Amino acid sequence: MSDLFSPVKLGAIALKNRMVMAPLTRNRSSNDGVPNDLNVTYYAQRASAGLIITEATPISAMAHGYPLLPGIYTDAQVAGWKKVTQAVHAKGGKIVIQLWHVGRISHPSLLPNQALPVAPSAIKPAGKAVTYEGLQDFVTPRALMREELPAIIQEYEHATRCALEAGFDGVEVHSANGYLLDQFLRDGTNHRDDEYGGSMENRARLLMQVVQAVVAIAGADKVGVRLSPVNPFNDMQDSNPQAMFNYVTQQLNAYKLAYLHVVEGGIHSGGETQPFDFAEMRRLCNSAYMANLAYDKARGNAAISSGHADAVAFGVPFIANPDLVERYQHDWPLNEADSNSFYGGTEKGYTDYPFYQ
Ligand code: PHB
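Visitor: Give a description of empty space enclosed by the protein that names residues and reports values.
Guide: Applying the stated criterion to the full structure yields 1 cavity of 30 Å³ or more. Of the pockets and cavities examined, the largest cavity occupies roughly 50 Å³. Residue lining of the largest cavity: Thr249, Leu252, Asn253, Leu257, Tyr259, Leu260, Cys285 and Ser287, and that is the complete set. Secondary structure elements with two or more residues in the lining of the largest cavity: helix 7 (241-253) and strand 12 (259-263). Sorting elements by how many residues they give to the lining of the largest cavity places helix 7 first, with 3 residues. Split into classes, the residues belonging to the lining of the largest cavity amount to 5 nonpolar, 3 polar and no charged.

Visitor: An account of the site of the ligand is needed here, citing residue identities and associated values.
Guide: What surrounds the ligand is the set Thr25, Tyr66, Trp100, His174, Asn177, Tyr179, Phe233, Ile267, His268 and Tyr343. A distance of 3.4 Å separates an oxygen atom of the ligand from a polar atom in the side chain of Thr25. Between His174 and the ligand, the recorded distance is 2.7 Å, taken from a side-chain N or O atom to an oxygen atom. Against a free-state accessible area of 270 Å², the protein chains account for coverage of 89% of the ligand.

Visitor: Now, about the layout of surface pockets: what can you tell me, with residues and values included?
Guide: Put simply, the largest pocket is a space of about 1100 Å³. Together, 47 residues line the largest pocket, and Leu24, Phe233, Ile267, His268 and Tyr343 are the ones closest to its centre. Those elements that place two or more of their residues in the lining of the largest pocket are strand 4 (51-58), strand 5 (95-100), strand 7 (128-131), strand 14 (311-314) and helix 10 (316-320). Considered class by class, the residues forming the lining of the largest pocket number 28 nonpolar, 14 polar and 5 charged.

Visitor: Account for the packing of helix 1 (residues 37-45) against helix 2 (residues 75-90), naming residues and giving values.
Guide: How two helices sit against one another is set out by the angle between their axes and by the gap between those axes. Following both chains from N to C, one finds helix 1 and helix 2 inclined at 25 degrees, their axes separated by 9 Å at the closest point. Compared by their axis directions, helix 1 and helix 2 come out roughly parallel. Considering how the two elements wind past one another, helix 1 and helix 2 form a crossing that is right-handed. Between helix 1 and helix 2, the contacting residues are Asp37, Asn39, Val40, Tyr43 and Ala44 on the first element and Trp81, Lys83, Val84, Ala87 and Val88 on the second.

Visitor: So what's going on with the pattern of salt bridges? Which residues, and what values?
Guide: Pairing between side chains becomes possible if they bear opposite charge and their charged atoms approach one another. If you walk through the whole model with that rule in mind, you get 9 salt bridges. Note that Arg192 and Asp194 form a salt bridge whose closest N and O atoms lie 2.7 Å from each other. The exposure class assigned to Asp194 is buried, which follows from its relative accessible area of 18%. Ionic pairing is found between Lys297 and Asp331, a salt bridge with its closest N-O pair at 2.8 Å.

Visitor: Pulling in residues and values, what's your account of the nonpolar core?
Guide: With 85 residues, the main nonpolar core has Leu207, Leu227 and Val248 as its most contacted residues. Broken down by element, this core gets its largest block of residues, 9 residues, from helix 6 (residues 205-218). What Leu227 contacts, discounting residues up to four positions off in sequence, is Ser175, Ala176, Leu185, Leu207, Phe245, Val248, Leu252, Leu260, His261, Val262, Val263 and Met281.

Visitor: Could you give an account of helix 7, with specific residues and numbers?
Guide: Taking 1.5 Å of rise per residue, the 13 residues of helix 7 would be expected to cover 18 Å, and the 18 Å separating its terminal C-alpha atoms lies within 8% of that figure. Most of helix 7 is tucked away, with 10 of its 13 residues classed as buried. Summarising the contacts, the buried residues of helix 7 are in contact with helix 4 (180-185), helix 5 (200-203), helix 6, strand 11 (223-227), strand 12 and helix 8 (278-284).

The rules we used
- Residues numbered from 1 in each chain as written.
- Predicted model: local features only at pLDDT ≥ 70, side-chain atom pairs only at ≥ 80, totals over all residues.
- Heavy atoms only, no water.
- 1 Å grid on protein atoms, 1.4 Å probe; cavity = no way out; pocket = protein on both sides within 12 Å on 5 of 7 lines; lining within 4 Å.
- Points joined across faces, edges and corners; volume = space filled by probe spheres on them.
- Helix = DSSP H or I, 4+ residues; strand = E, 2+ residues; numbered from the N terminus.
- Nonpolar A, V, L, I, M, F, W, Y, C, P; charged D, E, K, R; others polar.
- Near = heavy atom within 4 Å.
- Polar contact = N/O pair within 3.5 Å; in protein donor to acceptor, adjacent residues only side chain to side chain.
- Areas by Shrake-Rupley, 256 points an atom, 1.4 Å probe, with all protein chains shown as cover.
- Axes fitted to C-alpha atoms, helices over the stretch in contact; angles between N-to-C directions.
- Parallel < 35°, antiparallel > 145°, perpendicular 65-115°, else oblique.
- Left-handed = near helix turned anticlockwise from the far one by under 90°.
- Contact = heavy atoms within 4.5 Å.
- Salt bridge = Lys/Arg side-chain N within 4 Å of Asp/Glu carboxyl O.
- Buried < 20%, exposed > 50% of the residue type's maximum accessible area, 1.4 Å probe, protein only.
- Core = buried A, V, L, I, M, F, W, Y, C linked by side-chain atoms within 4.5 Å.
- Expected span 1.5 Å × (residues − 1).

Just distances and angles here, no functional claims.
Dropping the structure here:
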């Protein structure tokens, strides 16, 4: 019987175990978005994970929404990531990059020429943007014109080419957590009246076009997609998430992706979530299914052995435990995570969590 420590193939990506390091924003790159030596150390320390998914990584200058994110669209960024992938591969690990466009979850101070953030519709999110000058009120984003969408798809294509050149084992399209593609999917943020809004088919159109474009470059067996059907984080909602995300799951089946990565609830203790049957989504999904949200060893093993998931992504435990796989394997105690050092800072709370002695 399989458990977290059994190997598995997600499409073309062969994992030595089913413990995945979830994408985690850490805000510790340089301000030109180039991954640095500290980032290399951090990822290499965690190479015993079956798969590392990098922190969400902007695909263009307009895709940024927080300080000190690494990017994946310039030559210098590719060179920086190459050091990361080489270090992870040297330790026998696998690593994919999460391709990110934040859409409205940004601020003019983070964007070229103080541009307005872009979104499917001009709807301001509740809450505050994280900027170099501290927290600032979100602004009302500019609704993307239909004619601008091909250029956004081209940004995903360019970032995918950059990712392959940087040596990644694949890419994950971030379509979750209230960022651009999720803003198109859910009708709380998508009020469009063109063929990108309204019906489920229309709201899913941009994601499908992005996936098709990325798959054409990387190969479907190296592409995953992340969804978060009921995560309210970033002021998100949908009038019928079960219908919408069942539909998206079935449409994605056509691409024969490496995996579907599902945030099975709300993140950042974002409050009440709407009811949702993730088992149904899993049943509809023809690719490998990666589950994520506050799993621990027992729940992770249960998800694998029951057939609910093919792999399980762990976030906070991987921040605090570079050797999380070995600790779970041997039932060694875990380091506590220090939430004050999650976002930004130095090696403290980043690369200085001890391996088990
Ligand atoms: C965050 O920085 O809080 C963040 C980033 C990407 C996500 C979720 C949260 O998908």
